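Coordinate analysis (summary)
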Amino acid sequence: MFQTNQVYPIIWHNDSVSLIDQTRLPNEYAFVEISRSEDMAVAIKTMIVRGAPAIGVAAAYGIYLGAREIHTDNRDEFLQDLENVAQMLRSTRPTAVNLFWAISRMMKVAYETIGTVDEIKKALFQTAQAINAEDLQTCQDIGNNGLKALPTQPGQLTLLTHCNAGALATAGYGTALGVVRSAWREGRLARLFADETRPRLQGAKLTAWECVQEGIPVTVITDSMAAHCMKQGLIHAVVVGADRIAANGDTANKIGTYSLALVSKAHNIPFFVAAPLSTVDFDLADGSQIPIEERHPGEIYQIGDTILTPDGVEFYNPAFDVTPAELITAIITENGVFAPSELKQQEARKAA
Ligand SMILES: CSC[C@H]1O[C@H](OP(=O)(O)O)[C@H](O)[C@@H]1O
């Protein structure tokens, strides 16, 4: 399952969780060892670990780490204290539904495990490990299903992506970048264009880094260049990730995705969303109620030690936007490729 030459952002190692510190890439490939639930919450909130599926996996381990910190043999007391851990992890970031899905799955195991507190803790550890392994397999399935969706272009494709929906944003392999990886490995990809993705620059820093690791030709552009590249005929298709997809296919993803979908439509370029079913919120009829995280304005006005703006200005820093289903050509999942209107049929196949 886990191969030595691949990128895995979250690994259980030496009785703690080893996270790639994504805030230090691409200049440093460093790890943070997490052995306490509070530290996992900080790692998610500060984006040491980020990406919808990845923060779901991280939260799952966070629940287990929290369970380990509870010292009682009384089941009711244990479950009450574990609820407090779950609430702490739920409060880290509001948009990616994978976080809430993973916490819900872990808490269901805690309540449904008949046995001692120690037996519950063991079941929680096994479930966190399973969520990690399942997401890796899911991403590989998404990548392969993406091959059926991509245009059958004479010659090789040039794709464009936004932000980082790669191995770093998942348990490994990636969703949107998983489709790119599969196309590259099948000899169908000529080049990837990566939006730098202001303000956190996940495209320039993380997607480009993943491509260089794998030898995938990558061109980094600023977000505002995407329309021009499309008008020049440089882009054959767009594939992005997702943080929360509503039942009708409306999709919340990194800020800038909505405008990318609009220009894709204007240029009649296929626009794909690649995501596991754990990213679909079937309880939401449409995207109007998806909570959009607002982050610190410093992400806008500061890069490194450089302050970009004068005093006296205001800032608005929504980390995500919502792309309406009608702008999405298809949603690529582990179960296949679906038009947004077909997504509802997949509800029964989503792991509880
Ligand atoms: C595999 S989808 C990851 C998804 O999450 C990213 O957001 P963030 O970097 O803020 O966690 C971005 O929206 C990606 O598309």
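Rules used in this analysis
- Residues numbered from 1 in each chain as written.
- Predicted model: local features only at pLDDT ≥ 70, side-chain atom pairs only at ≥ 80, totals over all residues.
- Heavy atoms only, no water.
- UniProt positions renumbered as here; feature names shortened; annotations may be inferred.
- Helix = DSSP H or I, 4+ residues; strand = E, 2+ residues; numbered from the N terminus.
- Buried < 20%, exposed > 50% of the residue type's maximum accessible area, 1.4 Å probe, protein only.
- Contact = heavy atoms within 4.5 Å.
- Salt bridge = Lys/Arg side-chain N within 4 Å of Asp/Glu carboxyl O.
- Axes fitted to C-alpha atoms, helices over the stretch in contact; angles between N-to-C directions.
- Left-handed = near helix turned anticlockwise from the far one by under 90°.

As recorded by an unreviewed UniProt entry, the protein carries the name Methylthioribose-1-phosphate isomerase and is attributed to Fischerella major NIES-592. Quoted verbatim from the Sequence similarities (unreviewed entry) heading of the UniProt record, the comment on the protein is "Belongs to the EIF-2B alpha/beta/delta subunits family. MtnA subfamily." Per UniProt, the protein carries the Function (unreviewed entry) text "Catalyzes the interconversion of methylthioribose-1-phosphate (MTR-1-P) into methylthioribulose-1-phosphate (MTRu-1-P)."

On to the environment of I235. Within the secondary structure, I235 is located in the loop between α8 (226-231) and β7 (237-240). Of the residues examined, I235 reaches a relative accessible area of 4% and is grouped as buried. I235 sits 43 residues away from L192 along the chain, and the two C-alpha atoms are 8.9 Å apart. Filtering out sequence-adjacent residues up to four positions away, I235 remains in contact with T158, L160, F193, C229, M230 and I269.

Further remarks concern the pattern of salt bridges. Within this structure, the stated rule accounts for 15 salt bridges. When the shortest N-O distance is used, the salt bridge between R93 and E293 registers 2.9 Å. Placement of the pair is R93 in the loop between α3 (75-90) and α4 (97-112) and E293 in the loop between β11 (280-281) and α10 (298-301), with a sequence separation of 200 residues. Summarising the burial analysis for this pair, R93 and E293 share the class buried. One salt bridge connects E299 with R200, and the closest N-O pair in it is separated by 3.0 Å. With E299 in helix α10 and R200 in the loop between β5 (189-195) and α7 (202-214), this pair connects stretches of sequence that are 99 residues apart. Owing to a relative accessible area of 13%, E299 belongs among the buried residues under this scheme. In this structure, a network of salt bridges that share partners links the residues R93, R200, E293, R295 and E299.

Glancing now at the UniProt feature "active site" (unreviewed entry) in the protein. UniProt tags D243 as "active site" (unreviewed entry). Summarising the element assignment, D243 is placed in the loop between β7 and β8 (244-246). Setting aside chain neighbours within four positions, we find D243 in contact with A52, T95, A96, V97, N98, A252, N253, K254, T279 and F320.

Axis separation between α4 and helix α5 (residues 117-149) bottoms out at 9 Å; the angle between their running directions is 150°. The handedness of the crossing between α4 and α5 comes out as right-handed. Judged by residue contacts, W101, A102, R105, M106, V109 and A110 of α4 engage I120, A123, L124, T127, A128, A130, I131 and E134 from α5.

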